[in-house]
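Next come the chains, spelled out residue by residue.
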Amino acid sequence: MIGRKDLSGEIYRQVRRAIADGHLRRGDCLPPSRNLARSLGVSRMTVTVAYDRLVGEGFLVTRVGAGTYVSKHVAPARSEFRRNRPEGMIRPRALWESIPLSRAFASPAKFDFRTGLPDASLFPHETWRRLIAREPNWEAVSAGVYAHAAGHQGLREAIARHIGISRGVQASADDITVTSGAQQALDLVARALLGPGDLVAVEDPGYLPPSFLFKSLGALVKGVPVDEEGIFVDALPRQTRLVYVTPSHQYPLGVTMSLSRRLALLDWAARNDAAIVEDDYDTEFRFGGRPMEPLQTLDRSGRVIYIGSFSKSLLPTLRLGFVVTPRCCTSAVHKAKYVADWHTSMLMQSVLARFIDDGGFARHIRRVGRVYTERHEMMTRILARDFADHLRVVPSAAGLHITALAPSLSARKIGTVVRHASDRGVQVQELSRFAIDAPPRSGLVLGYGAVLTARIEEGLRQLRSCF
């Protein structure tokens, strides 16, 4: 059976597949075009076009007055080999065997306490749709030509204003490259700065995808311990080329890097000729205290590369982020973006630029910030009250997750709790999963972006019953 669209193309594909699979062999005669057209309920011309294409490509031959046949030059199908052949003789690098493909969000959960998810119901869908509807006539989008790898000029200017006001980051549009999320920003920086065998230091425990990324590019990755003040600067190897940190809200512990530790890290980078990548991933949401200045604002030697994303503040599916680079490496990052995917969707960039410039983004952050503050306070209160015999909450004042250490339980026992909770529809993450080189820590990491406020108490009650 064939559909009603591209009928000639479908006939062409089915006949070619039949030849490739051995159902039609060399020298077999095909039905006359008139007969086949009648049996399929299509016009004779539709069949003729498909036959002519197959003849032109050498699959079929025509004999005047005799009919249309499978060409004798078609290689005979080896059906048994096709069924049992290996999937291919090409061998990817062995490294990829050690990198898991995330399926964390493949299925929904009744009580979803996983990290990395904002509340999609809070996204301003109607406003976004109106902005998209206004954009197709925008000349740069409709021109049909490639844009500059750095991204939409209006969005880069809007981002510069936003991070200047909200985070004190000193940057112009020329310093900003728009990316498809924070992960691509890291990829571009690594391509621009790292060579095979270069050493990269990451926080331990830490966010795993950057480590996988650096390794995939041939770099060596070293986990450096983290305490309540942030990364241990004294533990950084001297030959480190790049340090990746999340100083404002360490992932996954949630601690804020102290000012003394920040200054020590900047001094260390200057003395050891290293770069620092600062991932400021969800600091739009703070729940108390004065926000700590980003490393970028303290940097006087041009060694800090600042990365941001709209995945937590808006939606991960938008795939929009940015990187602020010192002038010395901006051109290299632009070229890395060009060879990676040229540029991110110009339509989404122009819509986001309008959203920021119209004040919609600031209003959205204030609105969802109130919701997340309520959830943060509720989670902290319930964990301290009902889980005190098993968990100790790590204090945090920002972000969309809470980490709780389990001093009296092994990582293995916590793993059992997580599996039992999953059976009850409660999804949480084990802290031990974030270990790089150091021994895994026992505890839980609980996000509250994707679980409704009204369902938090019941979800945590179900989790508590699993201990």
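Relevant structure appears above.
Residues numbered from 1 in each chain as written. Predicted model: local features only at pLDDT ≥ 70, side-chain atom pairs only at ≥ 80, totals over all residues. Heavy atoms only, no water.

Here we look at the overall build of the protein
Phase 1 of the analysis: Regarding its fold elements, the protein presents 16 helices and 16 strands.
Phase 2 of the analysis: Each principal axis of the C-alpha distribution contributes one length, and for the protein these read about 90 × 55 × 50 Å.
Phase 3 of the analysis: Counting every position in the protein, which comprises 467 residues, the buried fraction comes to 49%.
Phase 4 of the analysis: Contacts in the protein between residues at least 24 apart in sequence constitute 73% of all its contacts with a sequence separation of at least 6.
Phase 5 of the analysis: A total accessible area of about 23300 Å² is found for the protein, and carbon and sulfur atoms account for 53% of it.
Phase 6 of the analysis: For the protein, the distance from the average site of its 63 positive side-chain charges to the average site of its 46 negative ones is 8 Å. (Helix = DSSP H or I, 4+ residues; strand = E, 2+ residues; numbered from the N terminus. Buried < 20%, exposed > 50% of the residue type's maximum accessible area, 1.4 Å probe, protein only. Contact = heavy atoms within 4.5 Å. Areas by Shrake-Rupley, 256 points an atom, 1.4 Å probe, with all protein chains shown as cover. Lys, Arg positive; Asp, Glu negative; His and termini not counted. Charge placed at Lys NZ, Arg CZ, Asp CG, Glu CD.)

A word on the nonpolar core
Phase 1 of the analysis: If you look at the biggest cluster of nonpolar residues, it comprises 59 residues, and the most contacted ones within it are F113, F310, L352, L446, L460 and L463.
Phase 2 of the analysis: Ranked by residues supplied to this core, first place goes to helix α14 (residues 360–386) with eight residues.
Phase 3 of the analysis: In this structure L463 touches F387, V417, A421, V426, V428, L444 and L446, once residues within four positions along its chain are discounted.
Phase 4 of the analysis: Among the nonpolar cores identified, the runner-up in size contains 24 residues, and L186, A275, I305 and A336 belong to it. (Core = buried A, V, L, I, M, F, W, Y, C linked by side-chain atoms within 4.5 Å.)

Topic: the side chain of S313
Phase 1 of the analysis: Within the secondary structure, S313 sits in the loop between β10 (304–309) and β11 (321–324).
Phase 2 of the analysis: Apart from residues lying up to four places away in sequence, S313 is in contact with E284, F285, F361, H364 and I365.

A closer look at the pattern of salt bridges
Phase 1 of the analysis: Taken as a whole and assessed by the stated rule, the structure comprises 19 salt bridges.
Phase 2 of the analysis: The salt bridge partner of R114 is D112, with a shortest N-O separation of 2.7 Å.
Phase 3 of the analysis: Given the relative accessible area of 8%, R114 is considered buried.
Phase 4 of the analysis: Residue class for D112 comes out buried when judged on its relative accessible area of 9%. (Salt bridge = Lys/Arg side-chain N within 4 Å of Asp/Glu carboxyl O.)

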